[in-house]
Amino acid sequence: MPARDDRPERVVVDCGGASGLCGYVLHRSKTEVIPQRYERAMPFSEGLAAVLVDGRFGYIDLNGEMVLEPRFDLAGAFEHGLAEVLVGEHTGVINRKGEVVVAPKFARSIPLTEDVVLVREGEWADSRAPAKAVLKRDVLLSGNMGLYRTGEYQEEGWITKPHFTFSFFAHAGEGYGLIWAQVSNTRDALFGLMRADGSWQVEPAYTMVQRLNAGRAVVRMGPWPSKERYRAAGTKLHLMAGYAGAVDENGVLVVPTEYESLSYFHTGGYGLVERGEQYGFLDRSGRLLGGKYFDEVERPTYRRPPRGRINGVWYDLESTDEPTTSVAQSRMTKVTHELVPASASIDTAGRRREGPPSSSLDCPGGGKIFRSGEFWGFKDPSGEETIAATYPAMNCFYGERAWVPIESRQRWCQIGLDGALLEQSECRAEHYPFTAPQHVPERFDPDPYTNSVLWTRAFLEHGEESRKRPPRVIGKGSDGSRVEVSIRCRSGSRCD
């Protein structure tokens, strides 16, 4: 697997300073690329980025040159050479020349291909303040949407009736021209894979669908559950509708729908399956890696293959051939670390760490959050900087994902181990690095997003000893009195 540091540095948004304006820097080195001179700045996409100047959005290139003059109330990212823009109360679509190819008359207008757009009738609405609104590419686009032809190459108009719920089949920038579609407002409606011309690549057959990851999209087939089973499932709603399998880039079912639980395919092209209290890995053809289920597993990372534990012994699992059987033959190499109690942790190099993480900067697995100036990043157990210090706060990685605050969105979103934003994951208004039932975080600011950023910063600053008092959570005692609890480390218990 190629080293992540061999890839060119991304240009990312950088806001703050005395002026509070935004510019752009290289994401690892923080070298300034475009000075802080914009009221708001959006991420670059296809070489252009939307920026706010004097209350209107325009687009700049990577040299900081204004290539499309500011005239929009809000502007989205370019995809397939098109971008959604807001004018007044309606959205439309422009091309890279700034020409309007779909007139502003819809609630949403999201590019699917170079000449087809997903639209919803009505007026634009966003629950956030205008200064924080974004034209977000949601994973699920529900309620009376349809395919619409742009007017750039042919006559503008409807391709389908606007009565579908759409769910993206591919990530932004992947040009498959396919999208999951379901007739709206029908409880038993199934998802099929629709082409950009409105015809079906795959006829509706699935109760739940996901986006492509590593060339596979998880689907579920089968009846919807009873109300009793639905309530009993609790948080495991992903297990509810029938059984899971996976399709390839063309929508062809390549992993049969026979698993109660199948997660998205990840690094190396492996999907995680569950059988009772045991777990296993499937390869992209649906073969069980090593033909075994394990008591515990660890997903593969950029530095090592997947791992499984049987009877307290960990093994690295590596495919060794391409068999025609249903079992993927693999080499099982014993890992030197042993089964450890809950009070200890194992870093990714196999080193045992006794006790819980010792401060708010220490993460399970041996990684560590670090600070550079006013920003935070992440170092792996070897001390290598894997996430540059570009965030106003930072959380540890859990399951190869970490929550970080995205200032341009005023939301907490998840990033992967390579630092890339996980667009398939929903963002949230606030996030805290602790779990304390029936307690609320100490308030530093009335805005939920700002408060969660300030609280997390205080948590991290106490860990690096630049702040004396740790942040607190507030609850009630058994007699109804106010109780304040200081949070000093991630375990929520006494720290070193």
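Residues numbered from 1 in each chain as written. Predicted model: local features only at pLDDT ≥ 70, side-chain atom pairs only at ≥ 80, totals over all residues. Heavy atoms only, no water.

### Some thoughts on the overall build of the chain
Counting its regular elements, the chain contains two helices and 41 strands. Looking at the chain as a whole, 50% of its 496 residues are labelled buried. By sequence separation, contacts in the chain at least 24 residues apart represent 40% of the contacts at least 6 residues apart. Accessible area for the chain stands at about 23500 Å²; split by element, carbon and sulfur atoms hold 49% of it. (Helix = DSSP H or I, 4+ residues; strand = E, 2+ residues; numbered from the N terminus. Buried < 20%, exposed > 50% of the residue type's maximum accessible area, 1.4 Å probe, protein only. Contact = heavy atoms within 4.5 Å. Areas by Shrake-Rupley, 256 points an atom, 1.4 Å probe, with all protein chains shown as cover.)

### What to know about the state of the cysteines
Summed over all chains, the structure comprises three disulfides. Between the sulfur of Cys-15 and that of Cys-22 lies a disulfide, 2.1 Å long from S to S. Residues Cys-15 and Cys-22 are joined through a disulfide that is right-handed, its torsion about the S-S bond being 105 degrees. Linked covalently through their sulfurs, Cys-413 and Cys-427 form a disulfide whose S-S length is 2.0 Å. Sign of the S-S torsion, about 115 degrees for the bond between Cys-413 and Cys-427, identifies this disulfide as right-handed. Taken together, the residues span a long stretch of sequence, with Cys-413 in strand β38 (residues 411-415) and Cys-427 in the loop between β38 and β39 (440-441) at a distance of 14 residues. (Disulfide = S-S within 2.5 Å.)

### A closer look at the sheet that holds strand β34 (residues 368-372)
Strand order in the open sheet made by the three strands is β34-β35-β36, with antiparallel pairing throughout. Of all strands in the sheet, those bounded by a partner on one side alone are β34 and β36 (385-391). Shown here is a sheet whose adjacent strand axes are inclined to one another by a mean of 25 degrees, direction ignored. Examined bridge by bridge, β34 and strand β35 (residues 375-379) share five bridges and lie antiparallel to one another. Paired with Ile-369 across the strands is Phe-378, a residue of β35. (Pairing = 2+ DSSP bridges. Axes fitted to C-alpha atoms, helices over the stretch in contact; angles between N-to-C directions.)

### Remarks on the pairing of strand β25 (residues 278-282)
Successive side chains on a regular strand alternate, one facing one side of the sheet and the next facing the other. Judged from the five bridges that link them, strand β24 (residues 271-275) and β25 form a sheet pairing that is antiparallel. Along β25, the bridge assignment pairs Glu-274 with Tyr-279. The antiparallel pairing of β24 with β25 creates a hairpin that spans two residues between the two strands, and Gly-276 there sits at a positive phi of about 65 degrees.

### Examining the sheet that holds strand β19 (residues 208-209)
Pairing within the open sheet is antiparallel, and its four strands lie in the order β19-β20-β21-β22. The open sheet has two edge strands with one neighbour each: β19 and β22 (253-259). Note: strand β21 (residues 243-247) against β22, three bridges, orientation antiparallel. For Ala-244, the partnering residue across the bridge sits in β22 and is Tyr-259.

### Examining helix α2 (residues 448-463)
Because each turn of an α-helix spans 3.6 residues, side chains separated by three or four positions end up pointing in the same direction. The end-to-end C-alpha distance of α2, which contains 16 residues, comes to 23 Å, matching closely the 22 Å that a straight helix rising 1.5 Å per residue would cover. Taking the backbone nitrogen of Tyr-449 as reference, a side-chain oxygen 3.3 Å away marks Asp-447 as the first, capping residue of α2. Glu-465, located one to two residues past α2, shows a positive phi value of around 70 degrees. (Expected span 1.5 Å × (residues − 1). Polar contact = N/O pair within 3.5 Å; in protein donor to acceptor, adjacent residues only side chain to side chain.)

### So, unusual backbone geometry
Residues other than glycine predominantly adopt negative phi, and peptide bonds predominantly adopt the trans conformation. The residue His-80 is not glycine, and still its phi comes out positive at about 60 degrees. Within the secondary structure layout, His-80 lies in the loop between β8 (74-79) and β9 (82-87). Although it is not a glycine, Ala-214 sits at a positive phi angle of roughly 55 degrees. Structurally, Ala-214 is set in the loop between β19 and β20 (217-221).

### Quick word on the packing of aromatic side chains
Taken as a whole and judged by the stated rule, the model has 13 aromatic pairs. Between Phe-106 and Tyr-148 the ring centres are 5.0 Å apart and the planes differ by 70 degrees, which places this aromatic pair in the edge-to-face class. Taken together, the residues span a long stretch of sequence, with Phe-106 in strand β11 (residues 100-111) and Tyr-148 in strand β13 (residues 140-149) at a distance of 42 residues. There is no split in this pair, since Phe-106 and Tyr-148 are both buried. For the ring pair Trp-455 and Phe-459, a centre distance of 5.7 Å and an interplane angle of 25 degrees mean the geometry is stacked. With Trp-455 and Phe-459 both in helix α2, this residue pair falls four residues apart, about one helical turn. Assessed through its relative accessible area of 0%, Trp-455 is described here as buried. One residue, Lys-379, lies across the ring of Phe-370, its end atom 4.9 Å from the ring centre. (Phe/Tyr/Trp six-rings, centres within 6.5 Å; stacked < 30°, edge-to-face > 60°. Lys NZ or Arg CZ within 6 Å of the ring centre and 35° of its normal.)

### Some words on the nonpolar core
Ranked by size, the top nonpolar core spans 23 residues in total, and within it Ile-369, Met-394 and Ile-415 carry the most contacts. When residues of this core are traced back to their parent elements, those giving at least two are β35, β36, β37 (402-406), β38 and α2. With residues up to four places along the chain from it excluded, the contact list for Ile-415 reads Ile-387, Tyr-391, Met-394, Phe-397, Glu-400, Arg-401, Ala-402, Val-404, Ala-420, Leu-421 and Leu-422. Judged by nonpolar contacts, the second largest core, of 19 residues, contains Met-42, Tyr-59, Phe-78 and Val-134. (Core = buried A, V, L, I, M, F, W, Y, C linked by side-chain atoms within 4.5 Å.)

### Considering the environment of Leu-62
Structurally, the position occupied by Leu-62 is in the loop between β6 (56-60) and β7 (66-72). Separated by 18 residues in sequence, Leu-62 and Phe-44 place their C-alpha atoms 8.1 Å apart.

### Description of the pattern of salt bridges
Applying the stated criterion to the full structure yields 14 salt bridges. Where Arg-108 meets Glu-84, a salt bridge forms, and the shortest distance between an N and an O atom there is 2.9 Å. On the criterion of sequence distance, the pair formed by Arg-108 in strand β11 and Glu-84 in strand β9 is long-range, its members being 24 residues apart. The two residues Arg-108 and Glu-84 agree in class, both being buried. Two residues, Arg-371 and Glu-461, come together in a salt bridge whose shortest N-O distance is 3.7 Å. Residue Arg-371 is located in strand β34, and its partner Glu-461 is located in helix α2; the two are separated by 90 residues in the primary sequence. Put simply, Arg-371, Glu-374, Arg-457, Glu-461 and Glu-464 are held in one network by salt bridges that share partners. (Salt bridge = Lys/Arg side-chain N within 4 Å of Asp/Glu carboxyl O.)

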